[in-house]
Amino acid sequence: MVISGFLAGAAGAGLLRRLPRGADVCWLWCAAPTAVLWFVAWALAPPPWLPVPLLLGWLGVLLTVTDLRHRRLPDALTLPAYPAVGVTLWLCGADLWRALAGCVVFGGFHLLVRLLAPSAMGGGDVKLAGPLGAVLASVSWAALPLAAVLASAVTLVLGVWWRGDGLPHGPGLLAATWLVAVSAG
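What counts as what
- Residues numbered from 1 in each chain as written.
- Predicted model: local features only at pLDDT ≥ 70, side-chain atom pairs only at ≥ 80, totals over all residues.
- Heavy atoms only, no water.
- Helix = DSSP H or I, 4+ residues; strand = E, 2+ residues; numbered from the N terminus.
- Expected span 1.5 Å × (residues − 1).
- Buried < 20%, exposed > 50% of the residue type's maximum accessible area, 1.4 Å probe, protein only.
- Contact = heavy atoms within 4.5 Å.
- 1 Å grid on protein atoms, 1.4 Å probe; cavity = no way out; pocket = protein on both sides within 12 Å on 5 of 7 lines; lining within 4 Å.
- Points joined across faces, edges and corners; volume = space filled by probe spheres on them.
- Nonpolar A, V, L, I, M, F, W, Y, C, P; charged D, E, K, R; others polar.

Participant: Help me get a handle on helix H8 (residues 170-182), residues and values and all.
Facilitator: Helix length check: H8 (13 residues) gives 18 Å between terminal C-alpha atoms against 18 Å at 1.5 Å per residue, within 8%. Among the 13 residues in H8, 11 count as buried, and that is most of the element. The set of residues buried in H8 consists of Gly170, Pro171, Gly172, Leu173, Leu174, Ala176, Thr177, Trp178, Val180, Ala181 and Val182. Check the buried side of H8 and you find it contacts helix H2 (27-44), helix H3 (51-70), helix H5 (96-116), helix H6 (123-139) and helix H7 (143-161).

Participant: An account of the layout of surface pockets is needed here, citing residue identities and associated values.
Facilitator: Size it by volume and the largest pocket reaches roughly 340 Å³. Asp67, Arg71, Arg72, Leu73 and Gly122 are, among the 21 residues lining the largest pocket, the residues nearest its centre. Looking at the lining of the largest pocket, its residues break down into 10 nonpolar, 5 polar and 6 charged. When its volume is computed, the second largest pocket comes out at roughly 260 Å³. Along its surface, the second largest pocket is lined by 16 residues, and Gly60, Thr64, Pro171, Leu174 and Ala175 are the ones closest to its centre. For the lining of the second largest pocket, the elements supplying multiple residues, two or more each, are H2, H3, H7 and H8. Considering every element that reaches the lining of the second largest pocket, the biggest residue donor is H3, with 7 residues. In terms of residue class, the lining of the second largest pocket is made up of 13 nonpolar, 3 polar and no charged.

Participant: Describe the side chain of His169, naming the residues involved and giving the relevant values.
Facilitator: In this structure, His169 sits in the loop between H7 and H8. Aside from chain neighbours lying at most four places away, what touches His169 is Asp67, His110, Met121, Asp125, Ala151, Ser152 and Thr155.

Participant: Tell me about the environment of Phe106, and name the residues and values.
Facilitator: Within the secondary structure, Phe106 is located in helix H5. Judged by relative accessible area, which is 4%, Phe106 ranks as buried. When the C-alpha atoms of Phe106 and Gly133 are compared, they prove to be 4.9 Å apart, with 27 residues separating the residues in sequence. Filtering out sequence-adjacent residues up to four positions away, Phe106 remains in contact with Ala129, Leu132, Gly133, Leu136, Leu144, Ala148 and Leu173.

Participant: Summarise the environment of Leu132; cite the residues concerned and give the values.
Facilitator: Turning to its location among the elements, Leu132 is positioned in helix H6. Note on Leu132: relative accessible area 1%, which makes it buried. Through-space distance from the C-alpha of Leu132 to that of Leu96 is 13 Å; in sequence the pair is 36 residues apart. In this structure Leu132 touches Leu56, Phe106, Leu173, Leu174 and Thr177, once residues within four positions along its chain are discounted.

Rendered as structure tokens:
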């Protein structure tokens, strides 16, 4: 699992460089964290649910590296996450109506924050919240507020070290959702 995660991360770094606006990232920044996340998911997640934390780990690393390096969550990754997450949840036997409701609730909450305080959240965070909400609702309804609080905590911790304009929230959203998904079993 470590080798396949490492290779998936390295391939993801190549994908990032080929995006329309490109993302200049070192392949090791994607390969090593993906390998670690895939190993932890393999060790903790039940086999029928394993594809969900694997997908989240891979996508999460690519989006986190891009958000930290370039301060954006590219549409080329956030928009395809909707069908990718949907198909993965379907293959894992999740209730798709519940997942859809979670997508609308979590995405809608983030959209509301964006509309009320545009400087508090970027558009990429709003687009990313939909598929993450689908995963969270598939785990449980309580996972939605838990992940929101956990994501805020991760963002605040990141803010201690972050130097620059604004504070990326995508890494917090992704870390919180991956943690909830990997511990769902």
